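Residue-level listing of the chains:
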Amino acid sequence: MSPQLPPVAPAVTAELVAALSPRLRKRLDSGIAKLADRPVVRDGAVVRIAVDDDTDLELHAPDGTVRGTDAVRCGCLLAPDCLHRAAAASLAPVAKDINSPAGPDDPATEEDAAQAPETASPEQRAAVRAVQLATSAVLEAGTDGAGAVLQAELLRAAHTARLAGLHRAAATAVSVVTALRAARAADPAYRLTDLAAGLYDVLSVAHRLPGASGGELTALRGTARQPYRPDGSLRLYGLFSEPVLTASGYAGAVTWTADAEGRLYQVSDVAPGGAGRAVGAADRAVRIGDTALTHRELARAGLAVSGATVSPTGRLGAGTGVRAVRAPGAGWHEEPVARLWAEPVPDQIAHALAGGRDLLFLDVILTGTATEAAGDCLLADCAGVPLRLTAAHDDPALPHRDNLRLLSAARGARLRVVARLTPAPHPRAQLLGAEHPSRADTRLDIGLDRLQGADVPTPAAAPSGSVPTPGPVSDGAPIHLLRRRVHQTVSGGRPVLALLGDTRADVRHLRRSGLATAAELLTDLHSAAADRAHDVFGRLRPTDPDRFARAWLAAAHYTSELDRALCLAAWTS
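Residues numbered from 1 in each chain as written. Predicted model: local features only at pLDDT ≥ 70, side-chain atom pairs only at ≥ 80, totals over all residues. Heavy atoms only, no water.

Q: I'd love a proper account of the overall build of the protein chain, names of residues and values included.
A: Within the protein chain, the regular secondary structure consists of 19 helices and 15 strands. Evaluated residue by residue, the protein chain yields a buried proportion of 53% over its 573 residues. Accessible surface, the protein chain: about 25100 Å² in total, of which carbon and sulfur atoms supply 52%. (Helix = DSSP H or I, 4+ residues; strand = E, 2+ residues; numbered from the N terminus. Buried < 20%, exposed > 50% of the residue type's maximum accessible area, 1.4 Å probe, protein only. Areas by Shrake-Rupley, 256 points an atom, 1.4 Å probe, with all protein chains shown as cover.)

Structural data, given as structure tokens:
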């Protein structure tokens, strides 16, 4: 996916693909691949792609986003019925116009916050059914088979869901398309677990919404925009900054702050862009009030805000009535910031798994490294618990992996760190911020500040018996036997699962381990994948994507809930 192309509204891509003839639809994926290698030039609000030496294709985005089919123009002889327009829209990032944050004075805010009706309307049931069918087709095909046509069908269903007021289903469906494109393009930002989680959320909402009512229906519908509410005056203390780099073509930085009570607030600067924008955003002034502080400076200073507006997730608004000036900060070992590290780790884990903030404030002792399929991770001891600290991003433009590699040389160093919980059957988190290993009272933003070899002290000898020797990661309960089938389905679709052969040994292993439900779910998943009955003439009947999607959803739900329980047990045992 080219980061130079402007985002395209989901409905535009869906309409352009739907207008193609059956013959051109079959050629769409190859057309996208050819267009991806062509030169791209930006001229103000117009982006031009050289289809060939004599023909240009233009995407018009006056406000940064392509919002109509007439804004995608091609100069070839077959236009407007050519393949190029649909290919360009399918190649560009999907516009985030479904769940974009609203300002404090946005007139849509009150409407979006209104209570939902007691039951879903017929229009909403029909819309969520369309999303369910399109998502089931993607799951059936897997990432290898979910090309631009299936993606466009899901985008069309997402647009229909948004119009019906089903904002959560619409936004998650769009995120699934973005992840599919990243997977098919071998984007380093792609993560299989993120795509699996997106598919699970879409199918879960589609399964539950038709029978939901009251508060459950409100949560399943979601809101079109993120409402901001007045929060008076705030005295904030900078904690750390992290880069943002998404597979959907957005980049920037988020700076985390805390008030005197330990509540967390974020100041963000995220817009269309690539790794260069993520690297440079830290040195741009924060977009709040009249302060000239950069994100990097705010992470170590403080902020006094009046007329503050805050979203439910703690994001600070930047409306015209907000005033902000620089104020003194506080070190991680000083109050009021130090109270974040005073909260017991088990309480932090329980809060995160219950849907609260996923940031962890930990005191650790570095113990070495371990090699994993995704790359080396940093080993640490956290109050007697062996912890694996991983990189939040793999893009080489960001210093996450280099910093983890250098920190691994500081074996025995005692550090205060900030990390993001990764739910897993063993203690695991992404390292976001840390104290400098050799400079007292100096903090590191792991995704923005680059350590040098000279910055790392000679490995210290850890106190005898104080640091457990890390061993190989094991799930304990063999839930991985079911989880890997859930992930294999996402990658290869139903055909791959149907060809895996006899699963009786895995089923017996699960039963012997006391996981009878997992054994039944694995059996049902494989049965649904292999269910290809023949008609009276010996021809294979069409598959039942509904049955297969239900079987996969049940297996994904079980592994998700069990992973939560195992994660909590691993951190608290």
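So that's the structure; there's more coming.
Q: Can you break down unusual backbone geometry residue by residue, with the values?
A: Across the junction of Ala-79 and Pro-80, the peptide omega takes the value 5°, indicating a cis bond. Along the polypeptide, Pro-80 turns up in the loop between β4 (72-74) and α4 (83-91). Residues other than glycine seldom take positive phi values, yet Ala-186 does so here, at roughly 55°. Mapped onto the secondary structure, Ala-186 falls in the loop between α8 (167-184) and α9 (192-208).

Q: Before we move on, can you summarise the nonpolar core with the specific residues and values?
A: By size, the foremost hydrophobic cluster in this structure holds 63 residues, and its most contacted members are Leu-166, Leu-199, Leu-209, Leu-482, Trp-552 and Tyr-558. Among the elements that line this core, the one with the most residues is helix α19 (residues 545-572), at 10 residues. Once residues within four sequence positions are removed from consideration, Tyr-558 is found in contact with Ile-479, Leu-482, Leu-515, Thr-517, Ala-518 and Leu-521. (Core = buried A, V, L, I, M, F, W, Y, C linked by side-chain atoms within 4.5 Å. Contact = heavy atoms within 4.5 Å.)

Q: Talk me through the sheet that holds strand β1 (residues 40-43); I want residue IDs and the actual numbers.
A: Strand order in the open sheet made by the 4 strands is β1-β2-β3-β4, with antiparallel pairing throughout. Only two strands of the sheet have a single partner each, and these edge strands are β1 and β4. Taken over all neighbouring pairs, the strand axes of this sheet differ in orientation by 20° on average, direction set aside. (Pairing = 2+ DSSP bridges. Axes fitted to C-alpha atoms, helices over the stretch in contact; angles between N-to-C directions.)

Q: Residues and numbers for the pattern of salt bridges, please.
A: Counting across every chain of the model gives 30 salt bridges. With a shortest N-O distance of 3.0 Å, Arg-296 and Asp-283 are connected by a salt bridge. One end of the pair, Arg-296, is in helix α12 (residues 295-298); the other, Asp-283, is in the loop between α11 (275-280) and α12, with 13 residues separating them in the sequence. Under the relative-accessibility criterion, Arg-296 is labelled partly exposed at 22%. The shortest N-O distance in the salt bridge between Asp-449 and Arg-300 comes to 2.9 Å. (Salt bridge = Lys/Arg side-chain N within 4 Å of Asp/Glu carboxyl O.)

Q: Could you give me a rundown of the packing of aromatic side chains, with the residues and numbers involved?
A: The tally for this structure, following the rule as stated, stands at 3 aromatic pairs. An angle of 35° between the planes, with centres 5.0 Å apart, marks the rings of Trp-332 and Trp-341 as tilted. The same class applies to Trp-332 as to Trp-341, namely buried. Here Trp-341 and Phe-361 contribute two aromatic rings whose centre-to-centre distance is 5.0 Å and whose plane-to-plane angle is 75°, an arrangement assigned as edge-to-face. In this pair, Trp-341 sits in helix α13 (residues 339-342) while Phe-361 sits in strand β10 (residues 359-372), placing the two residues 20 residues apart along the sequence. What makes Trp-341 buried here is its relative accessible area of 6%. Taken together through their ring pairs, the aromatic side chains of Trp-332, Trp-341 and Phe-361 make up a single cluster. (Phe/Tyr/Trp six-rings, centres within 6.5 Å; stacked < 30°, edge-to-face > 60°.)

Q: Which residues make up the sheet that holds strand β9 (residues 323-327), and what are the values?
A: Judged by pairing direction, the sheet is antiparallel, and its 5 strands sit side by side in the order β7-β6-β5-β8-β9 without closing on themselves. The outermost strands of the open sheet, each flanked by one partner alone, are β7 (264-272) and β9. This sheet shows a mean twist of 35° between the axes of neighbouring strands, independent of strand direction. Pairing analysis gives 5 bridges linking strand β8 (residues 302-310) to β9, with the strands arranged antiparallel. Following the sheet pairing, Val-305 is matched in β9 by Ala-324.

Q: I'd like to hear about a negative patch on the surface, residue by residue, with values.
A: Side chains of Asp-52, Asp-53, Asp-54 and Asp-56 sit close together on the surface and give a patch of like negative charge. Within the secondary structure, Asp-56 sits in strand β3 (residues 56-60). (Patch = residues over 30% accessible without salt bridge, like charges linked within 9 Å, V, L, I, M, F, W, Y side chains within 5 Å. Lys, Arg positive; Asp, Glu negative; His and termini not counted. Charge placed at Lys NZ, Arg CZ, Asp CG, Glu CD.)

Q: Please give an account of the pairing of strand β6 (residues 250-258) that cites residues and values.
A: Burial within β6 is extensive, with 9 of its 9 residues counted as buried. What you see with β6 is no split at all: Tyr-250, Gly-252, Val-254, Trp-256 and Ala-258 on one side and Ala-251, Ala-253, Thr-255 and Thr-257 on the other are buried throughout. Where strand β5 (residues 229-245) lies against β6, 8 bridges are found, and the strand directions are antiparallel. When the bridges of β6 are listed, Val-244 appears paired with Gly-252. Note that β6 and β7 share 9 bridges and pair antiparallel. Directly across from Trp-256, in β7, lies its bridge partner Gln-266. Here β6 hands over to β7 after 5 residues, with Gly-262 in that stretch at a positive phi of 90°.

Q: Which residues make up the environment of Ala-350, and what are the values?
A: Checked against the element boundaries, Ala-350 lands in helix α14 (residues 345-353). For Ala-350, a relative accessible area of 34% translates into the label partly exposed. C-alpha separation for the pair Ala-350 and Leu-568, spaced 218 residues apart in sequence, amounts to 6.7 Å.

Q: With reference to specific residues and values, describe the pairing of strand β13 (residues 414-421).
A: The buried fraction of β13 is high, at 7 of 8 residues. Examined bridge by bridge, β13 and strand β14 (residues 428-435) share 5 bridges and lie antiparallel to one another. Paired with Ala-419 across the bridge in β14 is Leu-431.

Q: Please give an account of the packing of helix α16 (residues 480-498) against helix α18 (residues 516-529) that cites residues and values.
A: The description of two helices packed together rests on the angle between their axes and the distance between the axes. One can describe the packing of α16 onto α18 by two numbers: an axis separation of 11 Å at closest approach and a directional angle of 5°. Between α16 and α18, the crossing angle belongs to the class labelled roughly parallel. Contacts between α16 and α18 pair Leu-481, Leu-482, Arg-485, Thr-489, Arg-494, Leu-497 and Ala-498 from the former with Ala-518, Leu-521, Leu-522, Leu-525, His-526, Ala-528 and Ala-529 from the latter. Grouping the amino acids of the contact of α16 with α18 by side-chain chemistry returns 10 nonpolar, 2 polar and 2 charged. (Parallel < 35°, antiparallel > 145°, perpendicular 65-115°, else oblique. Nonpolar A, V, L, I, M, F, W, Y, C, P; charged D, E, K, R; others polar.)

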